[in-house]
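Each chain, written out:
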Amino acid sequence: MLHSTLKRKKPASNVDIDYPLKKVFQKQAFRPLQREIIIAALDGHDIFVQAATSFGKSLCFQLPAWCSKGVTVVISPLLALVQNQVNAANNFGVTTYSITSNTPFTQRKEIEADLQCGHPHTRLLYVTPELCSTENFRKILRRLHQQGQLIRVTVDEAHCISEWGHDFRPAYKDLKWLKANLQCPSVPIMALTATATPKVRKDIYKYLNLKEANTLFFSTSTARPNIHYEIQYFSESNPRDASGDDIYPYLLAWLTSIHNRRVLMIQHMQAQAATQFPSTRPEAIPSILGIIYVNTRNLTESLAAKLQASGINAQAYHAGLEPQQRLKIQSQFVSASTKHPMPPLFNQNQDVIQAPKHDPDETDISRSFTLITATNAFGMGIDIPTIRFVVHYGLPRNLESFIQESGRAGRDGKAAQSLILYTREERDRTIYRVKMDISKEARHHRDGGQSIPGGTLSTQTQPQAQAQQRMNSLQKVIEYCENVATCRHKLIGEYFGQPTVDTQAVRAAVSGEESGVKVIGPVSSKSIISPQVCDYACDLCKEGATSVKRRRDRGLASDEEASQFTQRENWDYE
Ligand SMILES: Nc1ncnc2c1ncn2[C@@H]1O[C@H](COP(=O)(O)OP(=O)(O)OP(=O)(O)O)[C@@H](O)[C@H]1O
């Protein structure tokens with residue numbers, strides 16, 4: 001028999017959330033704002049969280065899900081992301097499932113049966129927006145809600161809802177159904193994103209049927225102060241290198257200088273260990289993790305091959321690979337971040353554990369790196385703490401994608417680097433590609449199609465306006481690359497409509513242990529603004545504007561040279 005929806009007990013905000021934080025999720029303390037968001041979630045509010053990449057948004061819905069009886073449905077855009085999150089939550093002991101196109105039929109039936117049994121074991125259920133549009137799943141949601149067991153719906157990467165945001169998916173717009181149909185009491189919704197402009201925020205409210213006045217809005221600055229942003233400039237029309245390509249030799253020299261520093265550090269550590277613990281072999285150091293983003297699948301393959309030929313450990317990753325292959329590359333990458341390939345010779349009791357057959361040669365560059373050359377298929381939501389750098393080998397698709405992709409670096413809070421290798425020739429190719437995509441989609445739209453395979457438009461959208469937005473968004477990342485006047489952290493903050501603050505003023509206003517962080521705004525809207533922001537953490541603030549301008553002007557082709565070059569060449573269009 002179904003229970004009355006009105007009898008659903010509202011979760012109390014006096015739940016002890018410090019216990020699960022430490023014992024279940026293995027974290028020492030909440031990051032600023034996480035506590036407030038979690039309490040608001042337990043109190044049943046509608047919530048909008050906009051917080052920097054790697055802020056820890058997942059905890060904000062996973063911890064309340066652990067504390068509450070019933071199911072939290074999480075709507076997530078990427079299958080790879082779903083699988084990672086399901087594994088991570090189950091490892092923490094939160095009963096978590098997903099229903100996606102990869103779920104075997106019998107398992108899916110079992111999950112559906114659990115959801116409808118009146119007292120489900122499931123705490124977190126990950127689904128795609130497309131599944132939420134199906135009548136069968138809506139029936140299950142209705143029943144779950146009637147039984148008082150639908151605790152919350154979470155929309156992760158909520159910027160995907162908006163045709164103005166990147167990676168727009170039409171099925172997100174059908175999520176309006178949730179608030180309209182799951183009433184009495186109204187199902188609480190939590191929307192989370194790292195990259196929403198003011199326009200995208202508006203769309204998120206609109207398409208989730210959230211009332212601004214009733215929704216608690218939490219935001220942090222988009223800033224990632226531990227990431228050093230840098231651009232290097234090249235000309236494809238007038239290369240200086242005899243090979244006719246300046247970019248790869250630069251990348252190789254850059255990686256070699258990182259390798260040389262690593263070797264010096266290892267030698268120093270080994271010398272120290274040899275004097276302090278002469279009978280113990282020092283542990284080997286894991287290799288350095290990095291992602292190199294390129295714009296085409298072919299380029300992921302050819303660049304990985306070039307790096308391998310230079311003795312550097314690199315693997316290509318793109319959506320054209322078999323899912324099993326992608327999973328394998330991803331898990332090799334994750335294990336490289338934790339693996340210590342040369343175990344110590346003795347344990348604490350001086351017992352021999354294992355003597356390696358031979359010492360790996362740490363001066364060999366093949367030991368220094370584990371790299372992935374990737375398209376955007378390896379991006380949003382990837383949470384590997386120790387990625388030390390993200391290189392864009394060419395122009396990112398737009399500023400939002402750039403923030404998501406560079407945001408994979410330094411998620412452990414330690415120093416990390418974002419480097420764009422920029423040419424005006426690639427700029428012109430990218431503009432051409434986007435124009436081609438737009439006209440292809442417009443043609444399809446005129447033909448009355450609902451959507452194009454792998455494309456982003458539906459007949460409900462306004463192709464003109466969306467095309468304009470895509471060009472604007474591309475223009476923003478071009479401006480970011482061409483900019484030689486404004487701090488790069490500041491430019492990013494301004495794009496996402498976040499106020500910048502005077503570091504000194506904020507530091508002076510703040511007291512207590514969360515030094516450097518300020519809570520502002522009325523109760524319904526809380527923001528923390530990281531102290532602004534750039535502590536020599538971009539090329540402009542480090543080198544000075546004049547020097548970067550000189551570098552840019554010397555490095556780049558003129559507009560005319562670039563356009564003549566790209567018109568002459570016969571490049572692959574993917
Ligand atoms: N309070 C905390 N203390 C320590 N680590 C934390 C805390 N909260 C979250 N983390 C860790 O921070 C990392 C990033 O968290 P998460 O993946 O949820 O980030 P995110 O905000 O969703 O980022 P993105 O938008 O880039 O996907 C994870 O490894 C997570 O375990």
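**Student:** It is not clear to me how the overall build of the chain should be interpreted in this structure. Could you clarify?
**Tutor:** When helices and strands are counted, the chain shows 20 helices and 15 strands. Every one of the 574 residues in the chain was classed for burial, and the buried ones make up 52%. For the chain, the proportion of contacts with a sequence separation of at least 24, taken over those separated by at least 6, is 77%.

**Student:** I would appreciate a short explanation of the side chain of arginine 123 in the present structure.
**Tutor:** Locating arginine 123 in the fold gives a position in the loop between α5 (105-115) and β4 (124-127). Buried and without a salt bridge, arginine 123 has aspartate 114 as its closest oppositely charged side chain, separated by 7.5 Å. Here arginine 123 is in contact with Ala65, Trp66, Ser68, Lys69, Gly70, Val71, Thr72, Val94 and Thr95, once residues within four sequence places are set aside.

**Student:** It is not clear to me how the environment of histidine 45 should be interpreted in this structure. Could you clarify?
**Tutor:** On the secondary structure map, histidine 45 appears in the loop between α2 (34-42) and β1 (46-50). Sequence spacing of histidine 45 and arginine 138 is 93 residues, and the spatial spacing of their C-alpha atoms is 22 Å. The contacts of histidine 45, once residues within four sequence positions are left out, are Ala40, Arg152, Pro188, Ile189 and Leu216.

**Student:** Please explain the sheet that holds strand β10 (residues 314-317) as it appears in this structure.
**Tutor:** Hydrogen bonding along the main chain pairs the strands of a sheet, whether they run parallel or antiparallel. An order of β8-β13-β12-β9-β11-β10 is seen for the 6 strands of this open sheet, with the pairing classed as parallel. Looking at the sheet topology across the chains shown, the edges are occupied by β8 (227-234) and β10. Going across the sheet, the axis of each strand differs from the next one's by a mean of 20°, ignoring polarity. In this sheet, strand β13 (residues 416-423) lies alongside strand β12 (residues 387-393) in parallel orientation, the contact comprising 5 bridges. Within β13, the position partnered with histidine 392 by the bridge is isoleucine 420. Packing of helix α10 (residues 247-276) onto the sheet brings it into contact with β8, β9 (288-293), β11 (369-374), β12 and β13, and relative to β12 it is tilted by some 170°. Docked against the sheet, helix α13 (residues 399-406) engages β8, β9, β12 and β13, running at close to 150° with respect to β12.

**Student:** Would you mind going over the pattern of salt bridges with me for this structure?
**Tutor:** Note that side chains of opposite charge can pair when their charged atoms are close. Under the criterion given, the structure shown has 24 salt bridges. For arginine 411, the salt bridge goes to aspartate 383, with nearest N and O atoms at 2.8 Å. Of this pair, arginine 411 sits in the loop between α13 and β13 while aspartate 383 sits in the loop between β11 and β12, and the two are 28 residues apart along the sequence.

**Student:** Help me understand the packing of α2 against helix α3 (residues 57-67) in this model?
**Tutor:** Describing two packed helices takes the angle between their axes plus the distance from one axis to the other. Relative orientation of the contacting elements α2 and α3 amounts to 45°, with a least axis distance of 9 Å. Relative to α3, the element α2 lies oblique. Here the hand of the crossing between α2 and α3 comes out right-handed. Contact with α2, carried on its side by Gln34, Ile37, Ile38, Ala41 and Leu42, involves Leu59, Cys60, Leu63, Pro64 and Cys67 of α3 and no other residues of that element. For the contact of α2 with α3, the residue count by class is 9 nonpolar, 1 polar and no charged.

**Student:** Looking at this model, I keep getting lost on the pairing of β8. Mind explaining?
**Tutor:** Regular strands place side chains that alternate from one sheet face to the opposite one. Most of β8 is tucked away: 8 of the 8 residues are buried. Along β8, one buried face is formed by Ile227, Tyr229, Ile231 and Tyr233 and the opposite face, lined by His228, Glu230, Gln232 and Phe234, is buried too.

**Student:** So what exactly am I meant to see when it comes to α13 here?
**Tutor:** Each α-helix turn comprises 3.6 residues. Residues three or four places apart therefore point the same way. Extensive coverage of α13 is indicated by the burial of 8 of its 8 residues. Burial in α13 covers these residues: Leu399, Glu400, Ser401, Phe402, Ile403, Gln404, Glu405 and Ser406. Measuring from the side-chain oxygen of the N-cap residue of α13 to the backbone nitrogen of glutamate 400 gives 3.3 Å; that N-cap residue is asparagine 398.

**Student:** Please explain the environment of glutamate 561 as it appears in this structure.
**Tutor:** Mapped onto the elements of the fold, glutamate 561 is located in helix α20 (residues 559-568). Residue classification places glutamate 561 among the partly exposed residues on the basis of a relative accessible area of 32%. Taking the C-alpha atoms as reference, glutamate 561 lies 21 Å from isoleucine 420; in sequence the two are 141 residues apart. Setting aside residues up to four positions removed in sequence, glutamate 561 forms contacts with Ser237 and Asn238.

**Student:** Which parts of the structure should I look at to understand the pairing of strand β6 (residues 189-193)?
**Tutor:** When you tally the buried positions in β6, you get 5 out of 5 residues, the bulk of the element. Here β6 shows no split at all, with Ile189, Ala191 and Thr193 on one side and Met190 and Leu192 on the other all buried. Pairing between β1 and β6: 4 bridges, direction parallel. Residue glutamine 50 lies in a different strand from β6, and its bridge partner there is threonine 193. Alignment of strand β5 (residues 150-155) against β6, held across 3 bridges, turns out to be parallel. Following the sheet pairing, valine 153 is matched in β6 by isoleucine 189. Handedness of the β5-helix α8 (residues 176-181)-β6 crossover: right-handed.

**Student:** Even after reading the chapter, I still don't get the confidence of the model for the chain, so can you show me in this structure?
**Tutor:** Atomic detail in the predicted coordinates should be set aside for any region of low pLDDT. Of the residues in the chain, 82% have a pLDDT of 70 or more, and the chain-wide mean is 83. Element-level mean pLDDT values for the chain span from 35 in helix α17 (residues 503-509) up to 98 in β13. Below pLDDT 50 for its whole length, residues 341-348 participates in 29 contacts with residues either more than four positions away or in separate chains. Ignoring residues within four places in sequence, the model shows residues 352-358, a span with pLDDT below 50, making 13 contacts including any to other chains. Among the scores for the predicted complex, ipTM is 0.99 and pTM is 0.84.

**Student:** I'm lost on α2 in this one. Help?
**Tutor:** Buried within α2 we find Gln34, Ile37, Ile38, Ala40, Ala41 and Leu42. Considering only its buried residues, α2 is in contact with β1, α3, β5, β6 and β7 (215-220). Count one or two residues on from α2 and you reach glycine 44, which has phi positive near 85°.

**Student:** Looking at this model, I keep getting lost on the environment of leucine 303. Mind explaining?
**Tutor:** Take leucine 303: it is sitting in helix α11 (residues 297-309). Put simply, leucine 303 and tyrosine 248 are 55 residues apart on the chain and 8.7 Å apart in space, counted from C-alpha to C-alpha.

Rules behind the numbers
- Residues numbered from 1 in each chain as written.
- Predicted model: local features only at pLDDT ≥ 70, side-chain atom pairs only at ≥ 80, totals over all residues.
- Heavy atoms only, no water.
- Helix = DSSP H or I, 4+ residues; strand = E, 2+ residues; numbered from the N terminus.
- Buried < 20%, exposed > 50% of the residue type's maximum accessible area, 1.4 Å probe, protein only.
- Contact = heavy atoms within 4.5 Å.
- Lys, Arg positive; Asp, Glu negative; His and termini not counted.
- Salt bridge = Lys/Arg side-chain N within 4 Å of Asp/Glu carboxyl O.
- Pairing = 2+ DSSP bridges.
- Axes fitted to C-alpha atoms, helices over the stretch in contact; angles between N-to-C directions.
- Parallel < 35°, antiparallel > 145°, perpendicular 65-115°, else oblique.
- Left-handed = near helix turned anticlockwise from the far one by under 90°.
- Nonpolar A, V, L, I, M, F, W, Y, C, P; charged D, E, K, R; others polar.
- Polar contact = N/O pair within 3.5 Å; in protein donor to acceptor, adjacent residues only side chain to side chain.
- Right-handed = clockwise from strand over helix to strand, strands pointing away.
- pLDDT = per-residue confidence, 0-100.

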